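Summary of the model geometry
In case you want the letters, here they are:
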Amino acid sequence: MTTEVSKTRSSFYRRLYVAWLIDSQTAASVPALMEATGMPRRTAQDTIAALADLDIVCEFEQQAGARNHAGSYRIRDWGAIDKQWITRNLRQLREVLGYP
């Protein structure tokens, strides 16, 4: 029996997972997030923008000498979020979100 996950919880988990992907440099750009999760570009962009709602400070760093927004995101501050909890619960987050 599969337990239905609320939109609030799945949205929260998606933000945590995206922040973890960026912080670990596993996927620190929109195209890399799309590849790692299968989410559409707009969802990836909206999720990055929504990190601020959780007091997670995420900033884009332009690649030196590059044009057209070449670069990557960095997590500057996790706010009240315990990133160790995310690391310990990665499998659960992926399962709930349906990500590989």
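Residues numbered from 1 in each chain as written. Predicted model: local features only at pLDDT ≥ 70, side-chain atom pairs only at ≥ 80, totals over all residues. Heavy atoms only, no water.

An unreviewed UniProt entry annotates the chain as Winged helix-turn-helix domain-containing protein of Pseudomonas fakonensis.

It is characteristic of soluble globular proteins that their nonpolar side chains tend to be buried jointly. Within the largest apolar cluster, 27 residues are counted, with the highest numbers of intra-cluster contacts made by Ile-22, Leu-33, Ile-48, Ile-56, Ile-75 and Ile-86. Among the elements that line this core, the one with the most residues is helix 1 (residues 7-23), at eight residues. Setting aside its immediate chain neighbours within four residues, Ile-86 contacts Leu-16, Trp-20, Trp-78, Ile-81 and Leu-93. (Core = buried A, V, L, I, M, F, W, Y, C linked by side-chain atoms within 4.5 Å. Buried < 20%, exposed > 50% of the residue type's maximum accessible area, 1.4 Å probe, protein only. Helix = DSSP H or I, 4+ residues; strand = E, 2+ residues; numbered from the N terminus. Contact = heavy atoms within 4.5 Å.)

What follows concerns the environment of Ala-70. One can find Ala-70 in the loop between strand 1 (57-62) and strand 2 (71-77). The class for Ala-70 is partly exposed, based on a relative accessible area of 23%.

Turning our attention to helix 3 (residues 41-50). For helix 3, every residue scored as buried is listed here: Ala-44, Thr-47, Ile-48 and Ala-50. Down the axis of helix 3, the buried side of the element spans an arc of 165°, and every buried residue falls inside it. When the buried face of helix 3 is taken as reference, the exposed residues oriented beyond 90 degrees from it are Arg-42 and Ala-49. Elements in contact with the buried residues of helix 3: helix 1, helix 2 (30-37), strand 1 and strand 2. (Arc of directions from axis to C-beta.)

Time to look at the side chain of Thr-47. Along the chain, the position of Thr-47 falls in helix 3. Contact partners of Thr-47, with chain neighbours within four places excluded, come to Arg-14, Arg-15, Val-18 and Met-39.

On to helix 1, then. Across its 17 residues, helix 1 extends 24 Å between first and last C-alpha, which sits within 8% of the 24 Å expected from 1.5 Å per residue. Regarding helix 1, the residues found buried are Ser-10, Ser-11, Tyr-13, Arg-15, Leu-16, Tyr-17, Val-18, Ala-19, Trp-20, Leu-21 and Ile-22. Contacts made by the buried residues of helix 1 are with helix 2, helix 3, strand 1, strand 2, helix 4 (83-88) and helix 5 (90-97). Just downstream of helix 1 lies Gln-25, where phi reads positive at about 60°. (Expected span 1.5 Å × (residues − 1).)

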